[in-house]
Amino acid sequence: MKEVHLICNAHLDPIWQWEWEEGAAAALSTFRSAADLADEFDYIFCHNEVTLYKYIEEYAPTLFARIKELIRIGKWHIMGGWYLQPDCNMPQGESFVRQILTGRQYFMEKFGRWSTTAINFDPFGHTRGLVQIMNKCGQDSYILCRTGDDPIPAEQFLWEGFDGSRVKVNAARDSYSSPLGKAANIIRARAEKKAEDVVCILWGVGNHGGGPSRKDLADIEKLMEEGSMEILHSTPENFFAKIDPKLVHDKSLHISMPGCYTSMNLIKSRHAELENTLYMVEKLCSVAAMRGLIEYPMAELDEVVEDLLNCEFHDVLPGSSVRAGEENGLRLIDHGLQILNRLRARAYFALTAMEPKAAEGEYPILVLNPNPYPWETEIACELTLADQNWSDTTASYAKVLDENGNEVLSQMVKEESNLNLDWRKRILFRAEVKPLSLTRFSIYVDVKDKKEKKYESGKNIVADLPEIGKYVEIDGKTGLLRSYRLWGKEYIGQNSGGAFRPVFYQDNPDPWAMGNFQLSGMGTDPTPFLLMEHPDGPFEGMKSLQVIEDGDIYLGVECFFQCENTRIRVEYDIYKSNPAVDVKVDVFMNDMNRILKLAVPVAAQGEYIGQSAFGTEELYMNGRECIAQRFVAMRENEQENCLALFNRGTYGSSWKDGVISMSLLRGATYCAHPIKDRPIIPIDRFVKKIDMGERNFVFRLTAAPEKALERLSAEFNMPPYACNVFPVDTDINAPKFSLNISDPDIVLVTMKKSAKKSGYVLRLLNNYHEACEVTVNCCGADITLSFGKYEVKTVLYDGNALTESAELSI
């Protein structure tokens, strides 16, 4: 007979069409009902998500104690074991590690139980980067529902990760729930249509909690008595112990709800900022703590991690919730960033305490490098002059000296403040900074006659830099990037009119983008934005195109575009000592039912690739929406540099006919879910729209070897931190800290104090398709590591020795 494993659950979104308080209330009633029914029926209730159990622990401690006892006797099962069901595309690999291991910590502490089967029923697609992460966190199997539109080999299969590791998968595409009172019929129908001899059926009222009902459990007892199938109240682990799938799937599970890669941009960009800042501050606090300058702030950092994990929930980060969900997510992110801001200052100022006092006339600039290698880069800082200069004919100019007294390239640029007074200054300079420590620079200011540069309207802007093999040209009539050449190789398609043109595609109010035209690629031809002849609105009084900065560090050009009711500013920062061009895009969105993309025609041919969680994968090249993290690139061949485009939280893109199109915004409506052929949103009243108003984006265009893209994208997302600090004279003489990784392209993802062992955790990643061997030295302790393709490793440093860990740990 067919063996049917019943997994009773109650899918409950903590926040979606409702605020979190209502989600907590639904958890309380659902868990109470499940516990009550466990006294009447011999069944197993399976539930996941730390965040829901925490509601019970705080608001219903007596019920929490009942659940503990039900777990002890085997009638309640900790399913999945993660903190919650996050979006499974956009979080960095390290964030998935925290989702799993923070969940494990909680469930082991509270119940002495954990799950070796991961579950993510509701997220909209799944990166194959999860496979290695699950494996190295002690999970060997996975249940999911939304596999995407791409074919899979069977409902039960082996899923292969970037690194070649595998987990068993059950794809429950027929749903994670059952309607109230109809479970027995649903179970019979689903089981009969499955081809396998041993199958798994998910059942229980879901989407807003509910779980089992008395009628459903009674009906299931009768179904079991029929004897046509062997039906068991079971757990995911028991089910996977009985199956041995052979078919292998070696791709990510896409494409599902592609609008979620772009909708609710503010959550996405701030989430990226929180991720980047958290892992940088962990490194900084580790260095300061190991030098004895501060106590490692474990509790405060754990609080930030929980903020991060909660904002990654699969209806918050993807942008499919009501506005209250967006606001709650932003509050969590802001709370986390505020804590990190204080911790960064605590560690940073502890490190500055060993610096000597400033010399006469010196403005000391202390620069923190968050990377374990010397780094030559552009550094920005601001300072306030000792006195205000009220002259109309002179201005203050700075020179920047390194620790040896050598002048470095520098450039005065527009400060953040808008006081029309020579007082607050912003300086950009290029120099080398020491690894994982502070490097001191000295600024001296002199007053000179003002310098002015003029640009002739309508002329092309050219930056010809033969010493670094770089040529960049901006069309004076269109405002587009016409040419980007490095050592004679042109990277921009030359029959396209230029790169970084904003375009609109027709869209609809649905933030998930469930329509066939959205799943297959936006079918209509785009409407291009055009350079504004007479800029208006927020750009009133500006020229269509204007040079805003020009010095030894970079040439800055801004231009203004319009289409329908939306206005856009594009700024090109063309660096003079490195191959990159930074492109800043400020959008004033005022159109609904549109998707805004940034079109970059490329000359390169090959494979379109993008960063994923601890991996790099090939993306669609037929116009379908793609999901990637901090970079996309064109891979030509092993010998050529990749043309790469880095970002700070822009996840959606597409590629078609030689054009990369970065997805910036969607003029969608909050939680507007298509149902049959009904109107998606009411037409008799106004309803709130997502992402109206100002939104800001930053990209970096460059060319580099594929192996370096992980490192370079990390550098772009976490630039050096610099501050004008006048050190206090102290007698502190802390021990030195050093960390060296023989190959800088093996990225230090994070470094943090271990939660379970004495010492510190170092997470290292080889995001490349070839194996390699590296040597790591930490404060005189050495270890040699052999990395496979796309492999992430954990190393423990106990103050004396480095030890490789077989599992990921926190």
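Structure first, text after, so check above.
Residues numbered from 1 in each chain as written. Predicted model: local features only at pLDDT ≥ 70, side-chain atom pairs only at ≥ 80, totals over all residues. Heavy atoms only, no water.

### Some words on the overall build of the protein chain
Inference 1: A tally of regular secondary structure across the protein chain gives 13 helices and 45 strands.
Inference 2: In summary, the protein chain has a C-alpha radius of gyration of 28 Å against a globular reference of 28 Å for 810 residues, a match within 12%.
Inference 3: C-alpha atoms of the protein chain, sized along the principal axes, occupy 95 × 65 × 50 Å.
Inference 4: Every one of the 810 residues in the protein chain was classed for burial, and the buried ones make up 63%.
Inference 5: With 88 positive and 116 negative side-chain charges, the protein chain shows a spacing of 1 Å between the two charge centroids. (Helix = DSSP H or I, 4+ residues; strand = E, 2+ residues; numbered from the N terminus. Rg over C-alpha atoms; globule rule 2.2 N^0.38 Å. Buried < 20%, exposed > 50% of the residue type's maximum accessible area, 1.4 Å probe, protein only. Lys, Arg positive; Asp, Glu negative; His and termini not counted. Charge placed at Lys NZ, Arg CZ, Asp CG, Glu CD.)

### A word on the sheet that holds strand β19 (residues 470-474)
Inference 1: Taking strand neighbours across the sheet as the criterion, the four strands line up as β18-β19-β20-β21 in an open arrangement whose pairing is antiparallel. Only two strands of the sheet have a single partner each, and these edge strands are β18 (461-465) and β21 (489-490).
Inference 2: As paired strands, strand β20 (residues 481-486) and β21 are joined by two bridges and run antiparallel to one another. Residue Leu486 lies in a different strand from β21, and its bridge partner there is Lys489. (Pairing = 2+ DSSP bridges.)

### Overview of the side chain of Thr566
Inference 1: With respect to the element layout, Thr566 can be found in strand β27 (residues 566-575).
Inference 2: Under the relative-accessibility criterion, Thr566 is labelled buried at 0%.
Inference 3: Only 3.1 Å separates the side chain of Thr566 from the backbone nitrogen of Asn590, close enough to count as a polar contact.
Inference 4: Non-local contacts of Thr566, meaning those with residues more than four positions away in its chain, are made with Phe504, Phe529, Phe561, Val587, Phe588, Met589, Asn590 and Asp591. (Polar contact = N/O pair within 3.5 Å; in protein donor to acceptor, adjacent residues only side chain to side chain. Contact = heavy atoms within 4.5 Å.)

### Focus on the environment of Asp315
Inference 1: By the element assignment, Asp315 lies in the loop between α10 (298-311) and α11 (323-352).
Inference 2: The spatial distance from the C-alpha of Asp315 to the C-alpha of Glu326 is 9.2 Å, given a sequence separation of eleven residues.
Inference 3: In this structure the side chain of Asp315 is engaged in a polar contact, spanning 2.6 Å, whose partner is the side chain of Ser320.

### Considerations on the sheet that holds strand β17 (residues 438-449)
Inference 1: Pairing within the open sheet is antiparallel, and its five strands lie in the order β14-β13-β17-β11-β38. Edge positions in the sheet fall to β14 (407-408) and β38 (721-724), since each of these pairs with one other strand and no more.
Inference 2: Across eight bridges, strand β13 (residues 394-401) lies against β17 in antiparallel orientation. Along β17, the bridge assignment pairs Leu401 with Ser442.

### So, the packing of helix α4 (residues 93-111) against helix α5 (residues 129-136)
Inference 1: It is the contact of α4 with α5, at a shortest axis distance of 10 Å, that shows an interaxial angle of 40 degrees. With respect to α5, the element α4 is oriented oblique. Crossing of α4 against α5: the hand is right-handed. Residues Gly93, Phe96, Val97 and Ile100 of α4 form the contact with α5, whose own contacting residues are Leu130, Ile133 and Met134.
Inference 2: Its residues placed into classes, the contact of α4 with α5 shows six nonpolar, one polar and no charged. (Axes fitted to C-alpha atoms, helices over the stretch in contact; angles between N-to-C directions. Parallel < 35°, antiparallel > 145°, perpendicular 65-115°, else oblique. Left-handed = near helix turned anticlockwise from the far one by under 90°. Nonpolar A, V, L, I, M, F, W, Y, C, P; charged D, E, K, R; others polar.)

### A closer look at the environment of Lys246
Inference 1: Among the secondary structure elements, Lys246 is positioned in the loop between α8 (236-241) and β10 (248-249).
Inference 2: Each C-alpha atom of the pair Lys246 and Pro153 lies 9.8 Å from the other, and the pair is 93 residues apart in sequence.
Inference 3: A polar contact is formed between the side chain of Lys246 and the side chain of Asp244, at a distance of 2.8 Å.

### A word on the environment of Ser228
Inference 1: Inspection of the secondary structure puts Ser228 in the loop between α7 (214-226) and β9 (230-233).
Inference 2: Judged by its relative accessible area of 48%, Ser228 is partly exposed.
Inference 3: Along the primary structure Ser228 and Thr439 are separated by 211 residues, whereas in three dimensions their C-alpha atoms are 74 Å apart.

### Observations regarding the packing of helix α3 (residues 61-72) against α4
Inference 1: Interaxial distance between α3 and α4 falls to 10 Å at its minimum, and their mutual angle equals 90 degrees. In this view, α3 runs roughly perpendicular relative to α4, as classed from their interaxial angle. Judged by residue contacts, Phe64, Ile67, Lys68 and Ile71 of α3 engage Tyr106, Lys110 and Phe111 from α4.
Inference 2: For the contact of α3 with α4, the class distribution of residues is five nonpolar, no polar and two charged.

### Some words on the pairing of strand β26 (residues 554-563)
Inference 1: Among the ten residues of β26, nine are classified as buried, and the element is accordingly described as predominantly covered.
Inference 2: Of the strand pairs in this sheet, strand β24 (residues 530-531) and β26 are connected by two bridges, and their pairing is antiparallel. Bridge pairing in β26 places Leu531 opposite Phe561.
Inference 3: Note that strand β25 (residues 545-550) and β26 share five bridges and pair antiparallel. Residue Glu549 lies in a different strand from β26, and its bridge partner there is Gly556.
Inference 4: Pairing between β26 and β27: ten bridges, direction antiparallel. Opposite Leu555, over in β27, you have Ile574 as the bridge partner.
Inference 5: Between β26 and β27, which pair antiparallel and follow one another directly, the connecting turn spans two residues, one of which, Glu564, has a positive phi of 50 degrees.

### Quick look at a negative patch on the surface
Inference 1: Residues Glu19, Glu21, Glu22 and Glu327 make up a contiguous surface patch of negative charge.
Inference 2: By the element assignment, Glu327 lies in helix α11.
Inference 3: Residue classification places Glu327 among the partly exposed positions, given a relative accessible area of 38%. (Patch = residues over 30% accessible without salt bridge, like charges linked within 9 Å, V, L, I, M, F, W, Y side chains within 5 Å. Areas by Shrake-Rupley, 256 points an atom, 1.4 Å probe, with all protein chains shown as cover. Salt bridge = Lys/Arg side-chain N within 4 Å of Asp/Glu carboxyl O.)

### Here we look at helix α13 (residues 709-717)
Inference 1: A large share of α13 lies buried, amounting to eight of its nine residues.
Inference 2: Every buried residue belonging to α13 is among Leu709, Glu710, Arg711, Leu712, Ser713, Glu715, Phe716 and Asn717, and all of these are buried.

### Considerations on the pattern of salt bridges
Inference 1: Within the structure shown, the criterion is met by 59 salt bridges.
Inference 2: A salt bridge links Lys110 to Glu109, with the nearest nitrogen and oxygen atoms 3.6 Å apart.
Inference 3: Since its relative accessible area comes to 60%, Glu109 is described here as exposed.
Inference 4: In this structure, Glu804 engages Lys793 in a salt bridge whose closest nitrogen and oxygen atoms are separated by 2.6 Å. Note that Glu804 is positioned in strand β45 (residues 802-805) and Lys793 in strand β44 (residues 792-797), a separation of eleven residues in sequence.
Inference 5: Overall, Glu804 belongs to the partly exposed group, its relative accessible area being 37%.
Inference 6: Given a relative accessible area of 7%, Lys793 falls into the buried group.

### Considering α4
Inference 1: An ideal rise of 1.5 Å per residue puts 27 Å on 19 residues; α4 measures up with 27 Å between its terminal C-alpha atoms.
Inference 2: Looking one or two places after α4, you find Gly112, whose phi comes out positive at around 65 degrees. (Expected span 1.5 Å × (residues − 1).)

### Description of the nonpolar core
Inference 1: Trp76, Leu481, Tyr484, Phe500, Val585 and Leu664 are the most contacted members of the largest nonpolar core, which totals 178 residues.
Inference 2: Phe737, Val774, Val776 and Ala781 belong to the second largest nonpolar core, which has 21 residues in total. (Core = buried A, V, L, I, M, F, W, Y, C linked by side-chain atoms within 4.5 Å.)

### Quick look at unusual backbone geometry
Inference 1: Geometrically, the link from His254 to Ile255 is a cis peptide bond, its omega value of 10 degrees lying close to zero.
Inference 2: Mapped onto the fold, Ile255 is located in the loop between β10 and α9 (265-290).
Inference 3: Backbone geometry places Lys676, a non-glycine residue, at a positive phi of 50 degrees.
Inference 4: Within the secondary structure, Lys676 is located in the loop between β36 (659-666) and β37 (693-704).
Inference 5: The phi dihedral of Cys779 falls on the positive side, at around 50 degrees, and the residue is not glycine.

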